[in-house]
Amino acid sequence: MWNWKPFFEDDHISAFCDLDQIVDTEPDADGFYASPDCYRPLAERFGVFISIVLKNKEDIARYLEERKKRSLPLKGYKSYKYSLCLAEIDSRQMVCRVLPAGDYDIKDNELGEVCIITEALAAILPGINDEWKPIKSKKSHPMIRNLAKRFFPK
């Protein structure tokens, strides 16, 4: 099941990662991915599910406005609670990218595709996007650095 642990918080967001759903995102020579159910050290490139919770009404309103601008559905978004994403980390190059997965309401029902990781929301989530970026860069969001510290404490 899910094992959500908080790993970042600021004035705009709270972020949690699921330590039970760490997945191998790179196939081996035979095209197979390591199962999260078997005990193995972290793969050199792995993904961890994260949930991003917008903390203030102004940021949520800006997010809903962005959805409206992109002609994305707003049905059910009055009870929007968080966005689920997959953070993928490549430990060889110490880079990370965040892939959007879906938006959810207060009852954990999926609402629709996520667009929280966009240029338009840079004031809320600067340095978080779906392109590979150095984890230690000052341009990376502090959430990314905190997530990496969970797995690479030194």
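Residues numbered from 1 in each chain as written. Predicted model: local features only at pLDDT ≥ 70, side-chain atom pairs only at ≥ 80, totals over all residues. Heavy atoms only, no water.

1. Considering the nonpolar core
Formed by 32 residues in total, the largest nonpolar core has its most connected members in Ile50, Ile116, Met143 and Leu147. If sequence neighbours within four positions are ignored, Ile50 has contacts with Trp4, Phe7, Phe16, Cys17, Ser83, Leu84, Cys85, Ala87, Val98, Met143 and Leu147. (Core = buried A, V, L, I, M, F, W, Y, C linked by side-chain atoms within 4.5 Å. Buried < 20%, exposed > 50% of the residue type's maximum accessible area, 1.4 Å probe, protein only. Contact = heavy atoms within 4.5 Å.)

2. Regarding the pattern of salt bridges
All told, the structure shown has nine salt bridges when counted by the stated rule. In this structure, the salt-bridge partner of Glu44 is Arg92, at a minimum N-O distance of 3.4 Å. On the criterion of sequence distance, the pair formed by Glu44 in the loop between β3 (23-24) and β4 (45-54) and Arg92 in the loop between β5 (80-90) and β6 (95-105) is long-range, its members being 48 residues apart. Under the relative-accessibility criterion, Glu44 is labelled partly exposed at 47%. What emerges from the salt-bridge pattern is a single network uniting Glu44, Asp90 and Arg92. (Salt bridge = Lys/Arg side-chain N within 4 Å of Asp/Glu carboxyl O. Helix = DSSP H or I, 4+ residues; strand = E, 2+ residues; numbered from the N terminus.)

3. Structural notes on the environment of Ala148
Examined against the element boundaries, Ala148 turns out to sit in helix α2 (residues 142-151). Sequence separation between Ala148 and Val114 is 34 residues; the distance between their C-alpha atoms is 23 Å. Look past the residues within four positions of Ala148 in its chain and what remains in contact with it is Ile89 and Ile135.

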